Amino acid sequence: VQLQASGGGLVQAGGSLRLSCAASGRTFSRDTVAWFRQAPGKEREFVAAIRFSSGSVYYADSVKGRFTMSRDNPKRTVYLQMNSLKPEDTAVYYCAVGGGVILSSLRTAGQYNYWGQGTQVTVSS
């Protein structure tokens, strides 16, 4: 399984970016796909996740109402639309895939088996 994350960049506060994560070697049908982020000197933190079996999406409180996660099944791609970006959103964003992720643990990085290489998002004030 290979995950290719893209779409990061430099944007001013209040701006928008859309991240993409394309998968090869996996169909996602029973998976949970998530976005995590890691800022310098901080632990990796959960951003959003989608459970492909149900289509349910879950967000961290810090991004709820600003970020939207979606999927394109035929393209085996998930997206993270990020609006109203803030300087504190600056981080490397990673997509991850896990099979059999239980609902109570989907915010835990250790539940995910495969990780993309990360894409840098920088929000200037």
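Residues numbered from 1 in each chain as written. Predicted model: local features only at pLDDT ≥ 70, side-chain atom pairs only at ≥ 80, totals over all residues. Heavy atoms only, no water.

Asks: Even after reading the chapter, I still don't get unusual backbone geometry, so can you show me in this structure?
Replies: The phi angle of most residues is negative, glycine excepted, and most peptide bonds adopt the trans form. The residue R76 is not glycine, and still its phi comes out positive at about 50 degrees. Looking at where R76 falls in the secondary structure, it is placed in the loop between β7 (67–72) and β8 (77–82). With relative accessibility at 30%, the residue R76 sits in the partly exposed group. Unusually for a residue other than glycine, S84 sits at a positive phi of about 50 degrees. For S84, the location among the structural elements is in the loop between β8 and β9 (91–99). A relative accessible area of 41% places S84 in the partly exposed class. (Helix = DSSP H or I, 4+ residues; strand = E, 2+ residues; numbered from the N terminus. Buried < 20%, exposed > 50% of the residue type's maximum accessible area, 1.4 Å probe, protein only.)

Asks: What exactly am I supposed to notice about the pattern of salt bridges here?
Replies: Pairing between side chains of opposite charge can happen when the charged atoms of each approach one another. Here the structure, examined in full by the defined rule, presents four salt bridges. A salt bridge links D89 to R37; the nearest nitrogen and oxygen atoms lie 2.9 Å apart. Placement of D89 in the loop between β8 and β9 and of R37 in strand β4 (residues 31–38) is noted, with a sequence separation of 52 residues between them. D89 gets classed as buried once you look at its relative accessible area, which sits at 1%. Between K64 and D61 there is a salt bridge whose closest N-O contact spans 3.2 Å. With respect to burial, K64 and D61 carry one shared label: exposed. Beyond isolated ion pairs, a larger network of salt bridges with shared partners links R37, E45, R66 and D89. (Salt bridge = Lys/Arg side-chain N within 4 Å of Asp/Glu carboxyl O.)

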